[in-house]
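Reading the structure
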Amino acid sequence: MQLHISPSMTSITISSNNGFTDLMKIKVAARHISYRTLFHTILIVSFLLPFVFILTALVTLEGANKCSSFDCFGRRFGPRFLGRVDDSGKLVRDFYKIFNQVITEEIPDGLKLPDSFSQLVAELKNNQYDAKTFAFSLRAMMEKLEREIRESKVSDLMNRHFAASSIPKGIHCFSLRLTDEYSSNAYARRQLPSPELLPVLSNNSYHHFVLSTDNILAASVVVTSVVRSSLEPEKVVFHVITDKKTYAGMHSWFALNPVASIIVEVKGIHQFDWLTRENVPVLEAIESHHDFRNYYHGNHIAGANLSNTTPRSFASKLQARSPKYISLLNHLRIYLPELFPDLDKVVFLDDDVVIQRDLSPLWEIDLQGKVNGAIETCKGEDEWVMSKYFKNYFNFSHPLIAKHLDPDECAWAYGMNIFDLRAWRKTNIRETYHFWLKENLKSNLTMWKLGTLPPALIAFKGRVHPIDPSWHMLGLGYQSKTNIENVKRAAVIHYNGQSKPWLEIGFDHLRPFWTKYVNYSNDFVRKCHILES
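Parameters at a glance
Residues numbered from 1 in each chain as written. Predicted model: local features only at pLDDT ≥ 70, side-chain atom pairs only at ≥ 80, totals over all residues. Heavy atoms only, no water. UniProt positions renumbered as here; feature names shortened; annotations may be inferred. Pairing = 2+ DSSP bridges. Helix = DSSP H or I, 4+ residues; strand = E, 2+ residues; numbered from the N terminus. Axes fitted to C-alpha atoms, helices over the stretch in contact; angles between N-to-C directions. Contact = heavy atoms within 4.5 Å. Parallel < 35°, antiparallel > 145°, perpendicular 65-115°, else oblique. Nonpolar A, V, L, I, M, F, W, Y, C, P; charged D, E, K, R; others polar. Phe/Tyr/Trp six-rings, centres within 6.5 Å; stacked < 30°, edge-to-face > 60°. Buried < 20%, exposed > 50% of the residue type's maximum accessible area, 1.4 Å probe, protein only. Lys NZ or Arg CZ within 6 Å of the ring centre and 35° of its normal. Right-handed = clockwise from strand over helix to strand, strands pointing away. Core = buried A, V, L, I, M, F, W, Y, C linked by side-chain atoms within 4.5 Å. pLDDT = per-residue confidence, 0-100. Salt bridge = Lys/Arg side-chain N within 4 Å of Asp/Glu carboxyl O. Disulfide = S-S within 2.5 Å.

The chain is annotated in an unreviewed UniProt entry as Hexosyltransferase of Gossypium stocksii. According to UniProt, the comment filed for the chain under the heading Pathway (unreviewed entry) is "Glycan metabolism; pectin biosynthesis." UniProt, in its Sequence similarities (unreviewed entry) section for the chain, records the words "Belongs to the glycosyltransferase 8 family."

In structure tokens, the structure reads:
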């Protein structure tokens, strides 16, 4: 590009090297021109030169657009300088129109997807795709990425589900060694508690805890945590109930490792003559019914619409399919009045809890004629954990559920409950529980899916007294962002969820609240390498 001023200073000519000559010519009258005027003229021309350069470059590069030079110039670079309106908004609207069109259309068959966005840009440059093809490619890439992420998350959730349902090698070793000890060591078979203490088992002046589990290590942690937190451990009685296969090992542990000051009783389900599957046909149906077994032990992905399922909802469904929910041990709490006919009050604890504060005040709580003292789970700081209503557990499209229940009724938690057995014996709670289990069986499990809590929510309906949430903190088994300070303040912390502290998938920052009650110096614990780092 060149600037030429005639010798007579009557004209100024701007020419370019690309064939566009005399693009701009300024005629000057043949009269006296002051140096000031000349200076301003040159200054203005100099200011225009960069724009003219850009203009000519654009005309050369975009000749195919068939727009006039000044039209292109004004459209792209002259919003304010030439009084034109900024077209950036129009450009966005044009893109939106294209994207809105391709989102409703089928992706063309045979559309080759690049492996990365940079490759997409390179192919766009080399092949000169039009905007619609670019939009289709971008959409297809994003959908592919979403599928891969969803598949990865589902795979991870499935692996966690199987890990949560399995027995770690160390804990399996622990149980086998203790069972073997029961058969070879007479001291491991000694009576629990000793004969002179048997009357205490039905003495209501003591604080009676009930624990139902087949996990020996977890049971030892629960009992030890109660003892260490209790202000009067000599008033504590523990009733540990387990299944037939675990009974010998459980008995061995507490016989060989007596806990100072407290009284521990170990019972097997097989020792309760009345608690048989023949006498409890509903529970027999739960364990033998084909649909039940297939639901809890079958293919967890078959029939699931993963494209419309969020990872959170899929995780919830997997948790609902834990095999423990068809175990009689998990249903045992509904038979507490029959299991302990001489007791007035008991605290029932799950095996995945840790007690951090003296629980004796629980026996002083006035349940106001109710049966079950529990925390409500629809209120609290943690919206992830404390946001459970009946609608979270039941299928309200089922006519029976819709007829009898309110979707917005607040749910409550199992895991740490104070039960008034005297008030309970005056109700039909067990019969109601059985009735709804049967109805769910008839409905092919369409009324609810999550284990033992839903039928209990119905059976105890109107008979639950809310207790202070500080007594029971939930979610340590599925909420990784649990507030540590709140954990320290809670009386009972509950590792409900898949990430149990005795599993490798447990949360590292929450596990120490549990492991501090494990006796790592014990020979059985050491030889089985329990939670060895």
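An order of β6-β5-β4-β7-β10-β9-β11 is seen for the 7 strands of this open sheet, with the pairing classed as mixed. The open sheet has two edge strands with one neighbour each: β6 (263-268) and β11 (464-466). Across the sheet, the mean angle separating the axes of adjacent strands is 25° when strand polarity is ignored. Where strand β9 (residues 372-374) lies against β11, 3 bridges are found, and the strand directions are parallel. Bridge pairing links Asn372 to Val464 in β11. Sheet strands in contact with helix α7 (residues 216-229) are β4 (207-212), β5 (236-242), β6 and β7 (345-349), and its direction is about 170° off that of β5. Packing of helix α8 (residues 244-256) onto the sheet brings it into contact with β5 and β6, and relative to β6 it is tilted by some 160°.

So, about the packing of helix α6 (residues 169-184) against α8. At their nearest, the axes of α6 and α8 sit 7 Å apart, and the two run at 80° to each other. When the axis of α6 is compared with that of α8, the two are roughly perpendicular. Contact with α6, carried on its side by Phe174, Ser175, Leu178, Thr179, Glu181 and Tyr182, involves Tyr247, Ala248, Gly249, His251, Ser252, Trp253 and Leu256 of α8 and no other residues of that element. Of the residues assigned to the contact of α6 with α8, the class counts are 7 nonpolar, 5 polar and 1 charged.

Let us now look at the packing of aromatic side chains. For the coordinates displayed, the defined rule picks out 15 aromatic pairs. Ring geometry for Tyr182 versus Tyr247: centroids 6.3 Å apart, planes at 75°, classification edge-to-face. Separated by 65 residues along the polypeptide, Tyr182 in helix α6 and Tyr247 in helix α8 bring together distant segments of the chain. Classification of Tyr247 by relative accessible area gives buried; the value is 12%. Ring pairs connect the aromatic residues Trp412, Tyr414, Phe419, Trp424 and Phe460, which therefore count as one cluster. The cationic tip of Arg333 hangs over the ring face of Tyr414; the distance from NZ or CZ to the ring centre is 3.9 Å. Its end group placed over the ring of Tyr389, Lys391 keeps NZ or CZ at 5.4 Å from the ring centre.

Extensive coverage of β5 is indicated by the burial of 7 of its 7 residues. Burial along β5 is two-sided: Val236, Phe238, Val240 and Thr242 facing one way and Val237, His239 and Ile241 facing the other are all buried. Where β4 and β5 come together, 6 bridges link them in parallel fashion. Each bridged residue has a counterpart across the sheet, and for His208 the counterpart in β5 is Val237. In this fold, β4 hands off to α7, which returns the chain to β5; that crossover is right-handed. The β-α-β motif built from β5, the intervening α8 and the parallel element β6 has right-handed crossover chirality.

A word on the nonpolar core. Core analysis: the biggest nonpolar cluster contains 67 residues, and Phe174, Phe209, Phe238, Phe254, Leu349 and Ile493 have the highest contact counts within it. Here this core gets 9 residues from one element, more than from any other, and that element is α7. Setting aside chain neighbours within four positions, we find Leu349 in contact with Phe209, Val210, Leu211, Ser212, Val222, Val226, Phe238, Ile355, Gly415 and Met416. Of all hydrophobic cores here, the second largest spans 44 residues; its members include Leu405, Ala411, Tyr414 and Trp436.

With that out of the way, let us pick up the confidence of the model for the chain. Per-residue confidence for the chain gives a mean pLDDT of 79, with 71% of residues at or over 70. pLDDT under 50 marks residues 1-5. Its contacts with residues more than four places away, or in other chains, come to 21 contacts. Contacts of residues 7-12 to residues separated by more than four positions or lying in other chains number 18 contacts, the stretch itself having pLDDT below 50.

As enumerated under the stated definition, the model contains 12 salt bridges in all. Of the charged contacts in the structure, one is a salt bridge between Asp214 and Lys245, with a shortest N-O distance of 3.7 Å. Of this pair, Asp214 sits in the loop between β4 and α7 while Lys245 is found in helix α8, placing the two residues 31 residues apart along the sequence. Among the ionic pairs, Lys379 bridges to Glu376, the shortest N-O distance being 3.0 Å. Looking at Lys379, the relative accessible area reads 53%, which means it is exposed. It is possible to trace a salt-bridge network through shared partners that takes in Asp214, Asp243 and Lys245.

Evaluated as defined, the whole model comprises 2 disulfides. Residue pairing for Cys173: its cysteine sulfur links by disulfide to Cys528, the two sulfurs lying 2.1 Å apart. Given an S-S torsion of about -70°, the disulfide between Cys173 and Cys528 has left-handed geometry. Of this pair, Cys173 sits in helix α6 while Cys528 sits in the segment after α20 (523-527), and the two are 355 residues apart along the sequence. With a sulfur-sulfur separation of 2.0 Å, Cys378 is cross-linked through a disulfide to Cys410. Handedness of the Cys378-Cys410 disulfide follows from its S-S torsion of about -105°: it is left-handed. With Cys378 in the loop between β9 and α14 (399-404) and Cys410 in the loop between α14 and β10 (416-420), the pair connects residues that are 32 residues apart, well separated along the chain. With a relative accessible area of 12%, Cys378 lands in the buried category.

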